[in-house]
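# Tertiary structure, described
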Amino acid sequence: MSDARVVTHGRSGFAEPTGAAVLETRGLARSFTQGGETIHVLRGVDLSVAPGEIVALLGPSGSGKSTLLQAVGLLEGGFEGSIRIAGEEAAQLDAHGRTRVRRDQLGFVYQFHHLLPDFNALENVVLPQLIRDVSREDSEGRAADLLRTLGLGHRLTHRPAQLSGGEQQRVAVARALANRPALVLADEPTGNLDEATADVVLAEFLRLVREQGSATLIATHNERLAAKMDRVVRLHEGHLQ
Ligand SMILES: Nc1ncnc2c1ncn2[C@@H]1O[C@H](COP(=O)(O)OP(=O)(O)OP(=O)(O)O)[C@@H](O)[C@H]1O
Ligand SMILES: [Mg+2]
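As a starting point, this report considers the structure included with it. (Residues numbered from 1 in each chain as written. Chains lettered and ligands numbered in written order. Predicted model: local features only at pLDDT ≥ 70, side-chain atom pairs only at ≥ 80, totals over all residues. Heavy atoms only, no water.)

Okay, the overall build of the protein chain next. Of regular secondary structure, the protein chain possesses seven helices and eleven strands. Its C-alpha atoms give the protein chain a radius of gyration of 18 Å, within 12% of the compact-globule value 18 Å for 241 residues. Relative to its full complement of 241 residues, the protein chain shows a buried share of 49%. Taking contacts inside the protein chain between residues at least 6 apart in sequence as the whole, the part at least 24 apart equals 71%. Surface summary for the protein chain: the accessible area is close to 11,200 Å², and the carbon and sulfur share equals 49%. For the protein chain, the centre of its 26 positive side-chain charges and the centre of its 30 negative side-chain charges are spaced 1 Å apart. (Helix = DSSP H or I, 4+ residues; strand = E, 2+ residues; numbered from the N terminus. Rg over C-alpha atoms; globule rule 2.2 N^0.38 Å. Buried < 20%, exposed > 50% of the residue type's maximum accessible area, 1.4 Å probe, protein only. Contact = heavy atoms within 4.5 Å. Areas by Shrake-Rupley, 256 points an atom, 1.4 Å probe, with all protein chains shown as cover. Lys, Arg positive; Asp, Glu negative; His and termini not counted. Charge placed at Lys NZ, Arg CZ, Asp CG, Glu CD.)

The following block contains the structure:
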């Protein structure tokens, strides 16, 4: 059990020009209180990601990478500071507003795919488009194109349990990109794959986000993979270096 508590550790970065960043955090802070001890995980993170930029988020286990992605993805509250997504201040939105920003601006790839088990590969990529009122025909066309591009043209009607780990992660990539989001967030998207498969899936992922121009923030432990991205930022003691 945890008792989340907000603590401010703001730095003086609030006055910087915002430009046209797709993502901009200022003074983002998050702490957890557990067993009487408070852990300050994020102590005022200032991060900007430009349109189309691919940024690797590095840091040792426990440094707060997932905490940062969950805050930026509007999946968890309990933080302090500002989060601007596509120009909109999103940190203080209510649940309805957060859902709207997630639906219209964000795509996620998690370490474990989180696909819907009762739906096949194609349907998993179609669904987020239907939620945005794309027609079924267009959704299916886009989903099939993406999955074919990712080498899954022969697996469209397989359910997640009938796919390998690498194939499942490719479906998760297709799902995250289906609506061409302005911002893609990925938390160790290839972390549970063997090295060779991870390299292939990541290369395909990076090629697609570059093609469609989505800004992308990818948490990873892997320096070698991080070197393939446009910029590397490191979390250390609650700050970005
Ligand atoms: N709900 C929670 N309650 C209490 N502490 C938490 C909670 N979530 C995260 N923490 C703590 O916050 C710190 C950062 O966790 P986080 O999952 O963000 O790290 P990470 O950088 O993603 O690590 P990894 O590389 O292992 O995935 C850890 O020390 C963790 O124990
Ligand atoms: Mg993590």
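Resuming the write-up.
Residue placement: arginine 142 occurs in helix α4 (residues 136-149). Buried arginine 142, no salt bridge; nearest opposite-charge side chain is aspartate 145, N-O distance 6.5 Å. Arginine 142 has contacts with Gln129, Leu177, Ala178, Arg180 and Gln212, leaving out every residue within four places of it along the chain. (Salt bridge = Lys/Arg side-chain N within 4 Å of Asp/Glu carboxyl O.)

A few words on the site of ligand 1. Taken together, 14 residues form the shell around ligand 1, and within it Ser61, Gly62, Lys65, Thr67 and His221 come nearest. Between ligand 1 and serine 63 there is a distance of 3.3 Å, counted from an oxygen atom to a backbone nitrogen or oxygen. One of the backbone nitrogen or oxygen atoms of glycine 64 is found 2.9 Å away from an oxygen atom of ligand 1. The fraction of the free accessible surface of ligand 1 (640 Å²) that becomes covered by protein chains is 67%. Contributions of two or more residues to the shell around ligand 1 are made by β2 (23-34) and α1 (65-72). Classifying every residue of the shell around ligand 1 gives three nonpolar, nine polar and two charged. (Near = heavy atom within 4 Å. Polar contact = N/O pair within 3.5 Å; in protein donor to acceptor, adjacent residues only side chain to side chain. Nonpolar A, V, L, I, M, F, W, Y, C, P; charged D, E, K, R; others polar.)

A few words on the packing of α4 against helix α5 (residues 165-177). The N-to-C vectors of α4 and α5 enclose an angle of 135°; their axes lie 9 Å apart at closest approach. Our classification of the angle between α4 and α5 gives oblique. Remark: the crossing between α4 and α5 carries right-handed chirality. Contact residues: Arg142, Leu146 and Leu147 in α4; Val171, Ala174 and Leu177 in α5. When the residues that make up the contact of α4 with α5 are grouped by side-chain class, the tally is five nonpolar, no polar and one charged. (Axes fitted to C-alpha atoms, helices over the stretch in contact; angles between N-to-C directions. Parallel < 35°, antiparallel > 145°, perpendicular 65-115°, else oblique. Left-handed = near helix turned anticlockwise from the far one by under 90°.)

Glycine aside, the phi torsion of most residues is negative, and most peptide linkages are trans. The backbone of aspartate 133 sits at a positive phi, close to 65°, despite the residue not being glycine. Here aspartate 133 is to be found in the loop between α3 (121-131) and α4. Here aspartate 133 falls in the exposed class, since its relative accessible area comes to 71%. Backbone geometry at glutamate 188 places phi at a positive 45°, although glycine is not the residue there. Mapping glutamate 188 onto the fold places it in the loop between β8 (183-187) and α6 (195-212). A residue is classified by how much of its surface remains accessible, and glutamate 188, at 15% relative accessible area, is buried.

The next thing to look at is the pairing of strand β3 (residues 37-49). Note: β2 against β3, ten bridges, orientation antiparallel. From the neighbouring strand, alanine 29 faces β3, where its bridge partner is arginine 43. (Pairing = 2+ DSSP bridges.)

Take the sheet that holds β8 next. With mixed pairing, six strands are arranged side by side in an open sheet as β7-β8-β9-β4-β10-β11. Because the sheet does not close on itself, it has two edges, and the strands there are β7 (106-109) and β11 (239-240). Direction of pairing for β7 relative to β8: parallel, over a ladder of four bridges. Paired with leucine 106 across the two strands is leucine 183, which belongs to β8. Those strands touched by α1 are β4 (54-58), β7, β8, β9 (215-219) and β10 (231-236), and its axis lies near 150° from that of β8. Docked against the sheet, α6 engages β4, β7, β8 and β9, running at close to 155° with respect to β9.

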